[in-house]
Amino acid sequence: MSNATPQRYNNTAILLHWALAILIIGLLVMGYFMPDLPKTPLRKLIYNTHKSFGLIVFALVLFRIYWRLSSAVPEHVPGSPLQVKLAHYAHIFIYALILVVPGVGLLASSFNHGFNLFVFHWEPLFAVDKELAHAIMGWHGVTAYVLAGLLAVHVAAFAWHQFVQKDGLIRRIWFGVAQ
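Everything numeric in this text was worked out from a predicted model, so none of it was measured.

Engineer: Can you break down the layout of surface pockets residue by residue, with the values?
Structural biologist: By volume, the largest pocket is sized at about 1,600 Å³. As for the largest pocket, its lining consists of 50 residues, of which His17, Ala87, His91, Ile94 and His154 are closest to the centre. Only α1 (11-33), α2 (41-70), α3 (81-109) and α4 (130-165) provide two or more residues apiece to the lining of the largest pocket. Partitioning the lining of the largest pocket into residue classes produces 36 nonpolar, 10 polar and 4 charged. Approximately 1,300 Å³ is the volume attributed to the second largest pocket. Elements represented by at least two residues in the lining of the second largest pocket include exactly α1, α2, α3, β1 (115-117) and α4. With 11 residues, α4 is the largest single contributor of residues to the lining of the second largest pocket. Broken down by class, the residue content of the lining of the second largest pocket amounts to 21 nonpolar, 15 polar and 5 charged.

Engineer: Tell me what's going on with the packing of aromatic side chains, and back it up with residues and numbers.
Structural biologist: As enumerated under the stated definition, the model contains 9 aromatic pairs in all. With a centroid separation of 5.3 Å and an interplanar angle of 90°, the aromatic rings of Phe53 and Phe118 are classed as edge-to-face. Placement of Phe53 in helix α2 and of Phe118 in the loop between β1 and β2 (120-122) is noted, with a sequence separation of 65 residues between them. Accessibility expressed as a relative area gives 29% for Phe53, which makes it partly exposed. Residue classification places Phe118 among the partly exposed positions, given a relative accessible area of 36%. A centroid spacing of 5.4 Å and a plane angle of 20° characterise the contact between Phe115 and Trp122, whose relative ring orientation is stacked. A network of ring pairs unites the aromatic residues Trp18, Trp174 and Phe175 as a single cluster.

Engineer: Before we move on, can you summarise the nonpolar core with the specific residues and values?
Structural biologist: Among the nonpolar cores identified, the biggest contains 15 residues, and Ile24, Val57, Ile98 and Leu147 are the most heavily contacted of them. Looking at this core, the elements that each hand over two or more residues are α1, α2, α3 and α4. For this core, the element with the highest residue contribution is α3, accounting for 5 residues. Val104, Ala108, Phe111 and Ala133 belong to the second largest nonpolar core, which has 5 residues in total.

Engineer: Break down the packing of α1 against α2 for me, citing the residues and quoting the values.
Structural biologist: Contact geometry for α1 and α2: axes closest at 10 Å, N-to-C directions at 150°. Classified by the angle their axes make, α1 and α2 are roughly antiparallel. Judged by the sense of rotation from one axis to the other, the crossing of α1 with α2 is left-handed. Residue-level contacts link Thr12, Ala13, Leu16, His17, Leu20, Leu23, Ile24, Leu27, Met30 and Gly31 of α1 to Ile46, Thr49, His50, Phe53, Gly54, Ile56, Val57, Leu60, Val61, Phe63, Arg64 and Trp67 of α2. Partitioned by chemical class, the residues of the contact of α1 with α2 number 15 nonpolar, 6 polar and 1 charged.

Quick notes on the rules
- Residues numbered from 1 in each chain as written.
- Predicted model: local features only at pLDDT ≥ 70, side-chain atom pairs only at ≥ 80, totals over all residues.
- Heavy atoms only, no water.
- 1 Å grid on protein atoms, 1.4 Å probe; cavity = no way out; pocket = protein on both sides within 12 Å on 5 of 7 lines; lining within 4 Å.
- Points joined across faces, edges and corners; volume = space filled by probe spheres on them.
- Helix = DSSP H or I, 4+ residues; strand = E, 2+ residues; numbered from the N terminus.
- Nonpolar A, V, L, I, M, F, W, Y, C, P; charged D, E, K, R; others polar.
- Phe/Tyr/Trp six-rings, centres within 6.5 Å; stacked < 30°, edge-to-face > 60°.
- Buried < 20%, exposed > 50% of the residue type's maximum accessible area, 1.4 Å probe, protein only.
- Core = buried A, V, L, I, M, F, W, Y, C linked by side-chain atoms within 4.5 Å.
- Axes fitted to C-alpha atoms, helices over the stretch in contact; angles between N-to-C directions.
- Parallel < 35°, antiparallel > 145°, perpendicular 65-115°, else oblique.
- Left-handed = near helix turned anticlockwise from the far one by under 90°.
- Contact = heavy atoms within 4.5 Å.

Printed below as a string of structure tokens:
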């Protein structure tokens, strides 16, 4: 096994990156429209699905952080020291928010209806306090919007690298062989 710095992320990191991207985008879109749904059994199903996939994202990002810390990663993309530092901190904030958003949602549910993992229901972990749950849920929404904004910056930085700089950044985090 070589100690050389890899040219791209390993397949596990790549799979986790894209799986989380798809799940998070789906959850953000779902979460944006959920509050306006009429109170029907379909709304309850959508909320249950949102919570279930939120818990899956929480678990996957914990594993992704473990994997990231225990695996070799490519060098930073060349850029100014400021760009490299901004990219580094942006990734840290993205990881943190991917933990905080579902964590806050889970906390809010722990003071209200409990939470579901698909068909398995857990009762509230704390005494029911709907006012507190509502206040905490407000923070769930705020942190989700901050995450969405930071992910938009992430995608814009990718587009700048890929289409303006033309440095082939996507090869680092896409399936296949590095060129």
